[in-house]
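Report on the structure
Next come the chains, spelled out residue by residue.
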Amino acid sequence: QRQINQKQPMTILVNHHGAEVDHARQDPALALVALFRPVFRGRRPGGTTIEHEHGGLKLKFNVWQGLDSRDQAVLLGAIGLAGMLNGAGQAPRLGAEAAHPRGQQLWLDLEPSESAVMDQAIVVKTTRYALIQAARLDDKGRNYGLLESCLERLSMVGCRARRDGYDWSMRLLSYAKTPGGQIHIALNPRFAEALSGHHVHVSLTERRKLEGDTAKIAHAWLSAWLRQGGQNSIRLDRLAEKVWGPPKKASTNRKRRGRISAALEEINRLPGWKVTIQGRGATLKATIKRPRLVERY
């Protein structure tokens, strides 16, 4: 991502700390797409296309580098910060009419096309430290480099939405560093709309209590799939696909069931969550109850 130099950089108007962010309001269509995987060891897969349909809206994502739970943490942290700053009136909208050079570049880097050119993104003006705290990154002193790698991967994800002649295309986000050490992130309009409209609630407080990458990804997906205070059942094989993608062979399913069971046991230890697993083999099913949460902004 290019460095953008200005003589009078935009400033952060509200002092904030990422550790204060307790939840993220996310667009339900985006939240239910299985974009993220447990932490990759070694080379990341690339050139992946993921398709998803939500309420008649057909979504297609082009993922240039595989995304893992750390990338998900950064995205949720940025969304959480956006909500907190938006509640304080400090998360400006951004569109094609942007006058400031940095804003213009952020908008262009989102690469809007078709119906998206008329939309408006939301801008998070923050610091790398605040975002690291919100995402709860911990990589033994290499957090800043890890953060920028995550942002770069997320900025390369293209999203296209189509339904009944409607065609919309834009990247997930764009970002730019300022000379003062701040970082500005433009989240695409689907994230912006979720802050004040229909959304799902992902508790970052709960996520921070989870240790396993599988549990974190499963928790984020379940938080979108299951309404607050609700209860439902799901086959373990189906939930495993939301964490790892479609299996390539039957033996893979057997290994995944053990891992997803362990992840559900971890989620079951969260206050208010209740998970009961029944059945054997391919019939294994989890009945999950989620607590009712109270949003603060």
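Look a little higher up for the structure.
Summarised in this report is the structure supplied together with it. (Residues numbered from 1 in each chain as written. Predicted model: local features only at pLDDT ≥ 70, side-chain atom pairs only at ≥ 80, totals over all residues. Heavy atoms only, no water.)

Looking at the environment of Ser69
- Structurally, Ser69 can be placed in helix H2 (residues 69-87).
- On a C-alpha basis, the gap between Ser69 and Leu154 in space is 12 Å, while along the polypeptide they are 85 residues apart. (Helix = DSSP H or I, 4+ residues; strand = E, 2+ residues; numbered from the N terminus.)

A word on the sheet that holds strand E3 (residues 46-54)
- If you walk across this open sheet you meet the five strands as E3-E4-E9-E10-E7, and the pairing is antiparallel. At either end of the open sheet lies a strand with only one pairing partner, and these are E3 and strand E7 (113-114).
- By the bridge criterion, six bridges tie strand E9 (residues 158-163) to strand E10 (residues 166-171) in an arrangement that is antiparallel. Bridging from a neighbouring strand, Arg163 pairs with Tyr166 of E10. (Pairing = 2+ DSSP bridges.)

A short note on unusual backbone geometry
- Even without being a glycine, Glu111 presents a positive backbone phi close to 55°.
- Here Glu111 falls in the partly exposed class, since its relative accessible area comes to 45%.
- The phi torsion at Asp164 lies on the positive side, around 50°, for a residue other than glycine.
- Within the secondary structure layout, Asp164 lies in the loop between E9 and E10. (Buried < 20%, exposed > 50% of the residue type's maximum accessible area, 1.4 Å probe, protein only.)

Let's talk about the pairing of E10
- In this sheet, E10 lies alongside E7 in antiparallel orientation, the contact comprising two bridges. Residue pairing in the sheet places Glu114 in a bridge with Trp168 of E10.

Observations regarding the nonpolar core
- Within the largest apolar cluster, 88 residues are counted, with the highest numbers of intra-cluster contacts made by Phe61, Ile185 and Leu187.
- Among residues more than four places away in sequence, those in contact with Ile185 are Ala78, Ile122, Val123, Val124, Leu131, Leu151, Leu173, Ser174 and Tyr175. (Core = buried A, V, L, I, M, F, W, Y, C linked by side-chain atoms within 4.5 Å. Contact = heavy atoms within 4.5 Å.)

A short note on helix H10 (residues 250-268)
- The terminal C-alpha atoms of H10 lie 27 Å apart, and with 19 residues this matches the ideal 27 Å at 1.5 Å per residue to within 8%.
- For H10, the full list of buried residues reads Thr252, Asn253, Arg256, Arg257, Ile260, Ser261, Ala263, Leu264, Glu266 and Ile267. (Expected span 1.5 Å × (residues − 1).)

Some words on the pattern of salt bridges
- A complete count under the given rule lists eleven salt bridges for this structure.
- Linking Arg190 and Asp27 is a salt bridge whose minimum nitrogen-to-oxygen distance equals 3.3 Å. Of this pair, Arg190 sits in helix H6 (residues 189-196) while Asp27 sits in the loop between strand E1 (23-26) and helix H1 (28-31); the two residues are 163 residues apart in sequence, bridging distant segments of the chain. As far as burial versus exposure is concerned, Arg190 and Asp27 are alike and both buried.
- Between Arg153 and Asp71 there is a salt bridge, with its nearest N and O atoms 3.0 Å apart. Taken together, the positions of Arg153 in helix H5 (residues 143-155) and Asp71 in helix H2 put the pair 82 residues apart, joining distant regions of the chain.
- When its relative accessible area of 8% is taken as the criterion, Arg153 is described as buried.
- A single salt-bridge network, built from bridges that share partners, covers Arg44, Asp68, Arg70, Asp71 and Arg153. (Salt bridge = Lys/Arg side-chain N within 4 Å of Asp/Glu carboxyl O.)

Points about the packing of H2 against helix H4 (residues 128-135)
- The contact between H2 and H4 brings their axes to 8 Å, and the two run at 110°. With respect to H4, the element H2 is oriented roughly perpendicular. Crossing angle aside, the handedness with which H2 passes H4 is right-handed. In this structure, H2 contributes Ala73, Val74, Gly77, Ala78 and Leu81 to the contact, and H4 contributes Ala130, Leu131, Ala134 and Ala135.
- The class makeup of the residues in the contact of H2 with H4 is eight nonpolar, one polar and no charged. (Axes fitted to C-alpha atoms, helices over the stretch in contact; angles between N-to-C directions. Parallel < 35°, antiparallel > 145°, perpendicular 65-115°, else oblique. Left-handed = near helix turned anticlockwise from the far one by under 90°. Nonpolar A, V, L, I, M, F, W, Y, C, P; charged D, E, K, R; others polar.)

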